[in-house]
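If you want the building blocks of each chain, they are given just below.
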Amino acid sequence: LHWYGPGVMAAMLPDGTAVTLEQTTAYPREDRVTLAVAPAQPAEFTLQLRIPRWSAQTRVAVNGEVIPQVEPGTYLPLTRVWRGDTVEIDLDFSLHAWTGARECAGLASLYRGPLLLTYDRRFNDMDPDDVPALDARGPAPRVVAWPGRIPPILLLECPAVDGRTVRLCDFGSAGEGGTPYRSWLSVQGSETLPQPYATCLEERTV
């Protein structure tokens, strides 16, 4: 299973048994995926779950039984006789970062789960050139709702080092109102955050 998101998909085992996989989730806004595995008849096979590299502490349970040794950046094999079972996947949505280089030196891109976080003038009181430095070692960002038009997929309130609050939305929603936005931000302590995307890039380059 490569893709997480709400929906139903079907597959066929080599012996012709049909298997339905139904995901109930608000991913990528929320971190839990509930997967119903329903073969047409009891069947033994291996279901491989993609564990994202950025999810440092992933919890997986089958019918309530927690699966040990879930490693980020791998596929988790679940081999059993499936009879109509429920798999719960709780992904780690702790912030992680990609530290900038060259023209972006001194800046960082922040991610929550798979979503790149972005300053958008539409959600903030300050202009782009007045965005304060964020504090990676401060309180965790808080998910908030947007009461205005065209709500983003995700909106977070993040503490800044000067005491102000900066709202960050997901990159996919940034600029929908025609306002300026930025994804490279000043983040004090960004080097203390996990940086799985940078690691992945380095491995690919090598």
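Position numbers for residues start from 1 in each chain and track the written sequence from start to end. A pLDDT threshold of at least 70 governs which residues receive local features in this predicted model, and a stricter bar of 80 or more applies before side-chain atom pairs are shown or counted, although totals over entire chains, interfaces and linings include all residues. Side-chain figures throughout are based on the complete set of non-hydrogen atoms in the structure, without hydrogens or water.

### Points about the packing of aromatic side chains
Applied cut-off: Ring geometry is summarised as follows: Phe, Tyr and Trp rings, the Trp one being its six-membered ring, pair when their centres sit within 6.5 Å, and such pairs are stacked at plane angles under 30 degrees, edge-to-face over 60 and tilted between the two. Numbering of helices and strands runs from the N terminus; a helix is a DSSP stretch of H or I covering at least four residues, while a strand is a stretch of E covering at least two. Only Lys NZ and Arg CZ are tested; either one counts as a charge over a ring when it is within 6 Å of the ring centre and within 35 degrees of the ring normal.
One pass over the structure, following the stated rule, counts six aromatic pairs. With 6.3 Å between their ring centres and 50 degrees between their planes, Tyr 27 and Phe 93 make a pair best called tilted. Linking Tyr 27 in the loop between strand E2 (18–25) and strand E3 (32–39) with Phe 93 in the loop between strand E8 (85–90) and strand E9 (95–99), this pair joins segments that are 66 residues apart in sequence. Put simply, the rings of Tyr 4, Tyr 27, Trp 54 and Phe 93 pair up and form one aromatic cluster. Between the NZ or CZ atom of Arg 80 and the centre of the ring of Trp 82, over which it lies, the distance is 5.3 Å.

### What to know about the sheet that holds E8
Backbone-to-backbone hydrogen bonds pair the strands of a sheet. The strands run either parallel or antiparallel. Condition: Pairs of strands are assigned from DSSP output, requiring at least two bridges between the strands.
An order of E1-E2-E3-E8-E5-E6 is seen for the six strands of this open sheet, with the pairing classed as antiparallel. Strands at the two margins of the open sheet, each flanked by one partner only, are strand E1 (7–12) and strand E6 (65–66). Two elements, strand E5 (residues 59–62) and E8, share four bridges in a ladder whose sense is antiparallel. Looking at E8, one finds that Ala 61 is bridged to Glu 88.

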